[in-house]
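Coordinate analysis (summary)
Each chain, letter by letter, is given below.
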Amino acid sequence: MWIKKQIPNCITLLNLFCGCIAVIFAVQGALELAALFVMLGIGFDFFDGFAARILNAQSEIGLQLDSLADMVTSGLVPGIVMFQLLSQVFGNPFYVTSASWGSDQIIANMDVSYLSLLGLLVTLASAYRLAKFNIDTRQTTSFIGLPTPANTLLIISLPLILKFQQEPWIVAIVLNKWFLILLTLMSCYLLNAEIPLFSLKFKSWGFRENKVRYSFLLLTVVLIVLLKFIAIPVVILLYILMSLVFRDNK
């Protein structure tokens, strides 16, 4: 019985493990690899709750552990990624390589623009959102404000777009300093805004009571096939719009 109750917690720890690896890659400037491990972590984040419901193993420690893991995978990592993107834009990229792990070398490489530190506002807003979520009884079956995993997917999509969809107009937009600053501020706002958003947790599999969720998932698949990584920010926008339009049908 004890082992069964620990299975969801072990899955949560895998989320944290992936987040820790993502932090290492993000600090080194390997943003695509950081994005890969973030996606793995978010996958574990989804399945730990699913496992807890299936095994009837929900616990208070599981709730707290989930938020702590999310703070790394979906809080710290996106802040570092945005910091790195802003550092590139302002001409002072910061990378820690295997040859510069000494404190003297790291400090020497810290010639970054102070504006790049705006990216870390994402981490601060994520921490506040997670703390608020743990004590907000209104968010048991739906969300108020953008969930941290969704916000993280939005941000980590940027280096993936730059890497795999290098259209000149796309690169010009993504690496525009005003776009990144505005996205950072918008991200912080959406995380803590009083905007009701539907959850993708299914209580049953019937279409009528889950038509918004099924429609969203179908549109997500279509957009990913058509747009590839550009689909990720489009899907996040679609998620917000559908939540507002079908507020009474969730």
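Residues numbered from 1 in each chain as written. Predicted model: local features only at pLDDT ≥ 70, side-chain atom pairs only at ≥ 80, totals over all residues. Heavy atoms only, no water.

Focus: the overall build of the protein
Across its full length, the protein holds 10 helices and 2 strands. Overall, the protein shows an N-to-C arrangement of helices and strands of α-α-α-α-α-β-α-α-α-β-α-α. Counting over 250 residues, the protein shows a buried share of 45%. Across the protein, contacts joining residues at least 24 apart in sequence account for 74% of those joining residues at least 6 apart. (Helix = DSSP H or I, 4+ residues; strand = E, 2+ residues; numbered from the N terminus. Buried < 20%, exposed > 50% of the residue type's maximum accessible area, 1.4 Å probe, protein only. Contact = heavy atoms within 4.5 Å.)

A short note on the side chain of N151
You can see N151 is positioned in helix α6 (residues 148-164). Once residues lying within four places of it in the same chain are set aside, the contact partners of N151 are V122, L146, S187 and L191.

What about the packing of helix α3 (residues 60-89) against α6?
It is at 9 Å that the axes of α3 and α6 come closest, and there the two elements cross at 35°. For the element pair α3 and α6, the recorded crossing hand is left-handed. Counting all contacts with α3, which are made through D70, T73, S74, P78, V81, M82 and L85, the residues of α6 involved are T148, P149, T152, I155, L158, P159 and L162. In terms of residue class, the contact of α3 with α6 is made up of 9 nonpolar, 4 polar and 1 charged. (Axes fitted to C-alpha atoms, helices over the stretch in contact; angles between N-to-C directions. Left-handed = near helix turned anticlockwise from the far one by under 90°. Nonpolar A, V, L, I, M, F, W, Y, C, P; charged D, E, K, R; others polar.)

Some remarks on the packing of aromatic side chains
Under the defined criterion, the tally for this structure stands at 7 aromatic pairs. Taking 6.3 Å as the distance between ring centres and 40° as the angle between the ring planes, the aromatic pair formed by F133 and F143 counts as tilted. With F133 in helix α5 (residues 121-135) and F143 in strand β1 (residues 143-144), this pair connects stretches of sequence that are 10 residues apart. Arranged with centres 5.7 Å apart and planes meeting at 50°, the rings of F216 and Y239 form a pair that is tilted. Taken together, the residues span a long stretch of sequence, with F216 in helix α9 (residues 211-227) and Y239 in helix α10 (residues 231-245) at a distance of 23 residues. The class for F216 is buried, based on a relative accessible area of 6%. Taken together through their ring pairs, the aromatic side chains of F198, F216 and Y239 make up a single cluster. (Phe/Tyr/Trp six-rings, centres within 6.5 Å; stacked < 30°, edge-to-face > 60°.)

Quick look at the packing of α5 against α6
In contact at an axis separation of 11 Å, α5 and α6 are set at 165° when each is read in the N-to-C sense. Judged by the inter-axis angle, α5 sits roughly antiparallel to α6. Of the two elements, α5 crosses α6, and the hand of that crossing is right-handed. Contacts from V122, S126, R129 and L130 in α5 reach T148, N151 and I155 in α6. Its residues assigned to classes, the contact of α5 with α6 shows 3 nonpolar, 3 polar and 1 charged. (Parallel < 35°, antiparallel > 145°, perpendicular 65-115°, else oblique.)

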